[in-house]
Amino acid sequence: MGSIAQRIAKQILSYQDTNIVDMDSWREGKECAEKMINTNHDPCYAEYVVGQNIASFIAEEICLLKEAKGFVRTVSQAEDDYKPCGPPISPLTLSYFTMWSMFDVLFGSSRETIGSCILCILPKLDLPSGILNTMKLMHLSRMGFYVHCGIEGKAVLLQEIHTGETVKCLVPSGYIGIRGQIWFVRVMEPPLASCLRHVVMGTPYVIRGFPAYEYADYLDREIKRLEQRKPPGMKDSYHHLMKYGLNPNHWNEYIFCAYSNYQHDAVFLHGVPDIPKSMPHGHLKR
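In this report, the structure presented in the accompanying data block is examined. (Residues numbered from 1 in each chain as written. Predicted model: local features only at pLDDT ≥ 70, side-chain atom pairs only at ≥ 80, totals over all residues. Heavy atoms only, no water.)

1. Here's the deal with the pattern of salt bridges
Just so we agree on the cut-off: Salt bridge, as used here, is a side-chain nitrogen of Lys or Arg placed within 4 Å of a carboxyl oxygen of Asp or Glu. Each helix is a run of H or I in the DSSP string that is no shorter than four residues. Each strand is a run of E no shorter than two, and both are numbered from the N terminus. Classification of residues uses two cut-offs on accessible area relative to the type maximum, computed with a 1.4 Å probe and protein chains only: under 20% is buried, over 50% is exposed, and between them is partly exposed.
For the structure shown, the criterion picks out eight salt bridges. With a closest N to O distance of 2.5 Å, Lys168 and Glu152 form a salt bridge. Pair noted here: Lys168 is in strand S3 (residues 166-170) and Glu152 is in strand S1 (residues 143-152), with a separation of 16 residues, a long-range link. Residue classification places Lys168 among the partly exposed positions, given a relative accessible area of 38%. Between Glu222 and Arg225 there is a salt bridge, with the nearest N and O atoms lying 2.5 Å from each other. A residue pair is termed a helical-turn pair when its members lie 3 or 4 positions apart in one helix, as Glu222 and Arg225 do in helix H8 (residues 212-229) at three residues. Look at Glu222 and you get buried, because its relative accessible area is 0%.

Below is the structure:
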């Protein structure tokens, strides 16, 4: 039978020469995205903007298939519960929610994502090879807790709390922050050989009022809980936690419960995920 991603890819590709699926729609989306990116945008960020647009158009077609009904059910419920669009209506920004829904939501018996399906489809399409590499990086990406370690030129230095890795980051929202802040963000690998910085995808979530060790301790506790559950397919417990959480809405719920304020280029959170009293709006559903 093959994986659900392979079955979905086979169906989508079989529709290329029919009117059942409009394969031209997302090609047009790619062209529109490229036209929207003007010379003031960093080309490394622009690569991800194009990739996200292509992924969104393909995802729309995948959602029409019966094999994707589990995905549609999970994301539709999350849309009802969290109403993503960004503050002041919801603390979940569209950029965050789009990346979560396409690359972090597992569905089907083989527990794959829409990103898995897209990666099965792209090699069969007439697209530049760079797009496939960009999509692979998006598929592997995850959220993380980082300490702000200062500014170097136009880059923000972020050190991941659990791994200790420090990277120079472009922050497209324009927020530069201050040393010592805790950021909860999706940091993307440089998509092109010419890119010298990682990319913070979307508006940064900035946590105020708590030191880094609180999150280091939290991650240790959560990883232990996850390893006791032993979810199917888990290879790296930390990666699994930050990408999939203990349940599909684990990180959505944290952002929702911890939201405290916002400005045009950043969203502010307050609290540690497994300490309900530390968060302004309740506790995580486990």
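2. Notes on the packing of helix H4 (residues 69-82) against helix H5 (residues 94-103)
Heads up, the condition is: Only the contacting stretch of a helix is used when fitting its axis, a line to C-alpha atoms as for every element, and angles between N-to-C directions run 0 to 180 degrees. In what follows, roughly perpendicular refers to angles from 65 to 115 degrees, roughly parallel to angles under 35, roughly antiparallel to angles over 145, and oblique to any angle outside these ranges. It is the rotation of the near helix from the far one that decides the hand of a crossing: anticlockwise by less than a right angle makes it left-handed, clockwise makes it right-handed. Contacts between residues were defined by any pair of non-hydrogen atoms, one from each residue, lying within 4.5 Å. Here the term charged refers only to Asp, Glu, Lys and Arg, the term nonpolar to Ala, Val, Leu, Ile, Met, Phe, Trp, Tyr, Cys and Pro, and the term polar to all other amino acids, Gly among them.
Two elements in contact, H4 and H5, have axes separated by 10 Å at closest approach and are oriented at 160 degrees. With respect to their mutual orientation, H4 and H5 come out roughly antiparallel. Once H4 is placed against H5, the crossing between them reads as right-handed. Residue-level contacts link Phe71, Val75, Ala78 and Glu79 of H4 to Phe97, Trp100 and Ser101 of H5. Here the contact of H4 with H5 is composed, by residue class, of five nonpolar, one polar and one charged.

3. Let's talk about the pairing of strand S7 (residues 266-269)
Our working rule: A pair of strands is treated as paired once DSSP finds two or more bridges between them.
Alternating residues of S7 divide into Ala266 and Phe268 and Val267 and Leu269, and every residue in both groups is buried. Relative to S7, strand S5 (residues 198-207) runs parallel, the two being bridged by three bridges. Among the inter-strand pairings, Ile207 is bridged to a residue of S7, identified as Leu269. Direction of pairing for strand S6 (residues 259-263) relative to S7: antiparallel, over a ladder of four bridges. What sits directly across from Asn261, in S7, is Phe268. Two successive antiparallel strands, S6 and S7, enclose a turn made up of two residues.

4. Quick notes on the layout of surface pockets
Counted only if it meets this: Method remark: on a 1 Å grid restricted to protein atoms, a set of points is classed as a cavity if a 1.4 Å probe fits but cannot get out and as a pocket if it is open with protein on both sides within 12 Å along at least five of seven lines; lining residues have an atom within 4 Å of a point. Grid points are joined across faces, edges and corners, and a volume is the space filled by probe spheres set on the points.
The calculated volume of the largest pocket comes to roughly 510 Å³. As for the largest pocket, its lining consists of 23 residues, of which Leu106, Arg111, Pro232, His240 and Tyr244 are closest to the centre. Those elements that provide at least two residues to the lining of the largest pocket are helix H7 (129-140), H8 and helix H9 (237-244). Among the elements that line the lining of the largest pocket, the one with the most residues is H9, at four residues. Considered class by class, the residues forming the lining of the largest pocket number ten nonpolar, seven polar and six charged.

5. Here we look at the nonpolar core
As a rule of thumb, soluble globular proteins bury nonpolar side chains together. Which entries qualify depends on this criterion: What makes a nonpolar core is a set of buried Ala, Val, Leu, Ile, Met, Phe, Trp, Tyr and Cys residues whose side-chain atoms join them at distances within 4.5 Å.
Ranked by internal contacts, the top residues of the largest apolar core, which has 74 residues, are Ile62, Met135, Phe145, Phe184 and Tyr254. It is helix H3 (residues 43-62) that provides the largest number of residues to this core, a total of eight residues. Excluding residues that lie within four positions of it along the chain, Met135 makes contacts with Gly51, Ile54, Ala55, Phe103, Ile118, Leu119 and Leu122. One finds Val156, Val171, Trp183 and Val185 within the second-largest nonpolar core, a separate group that totals 14 residues.

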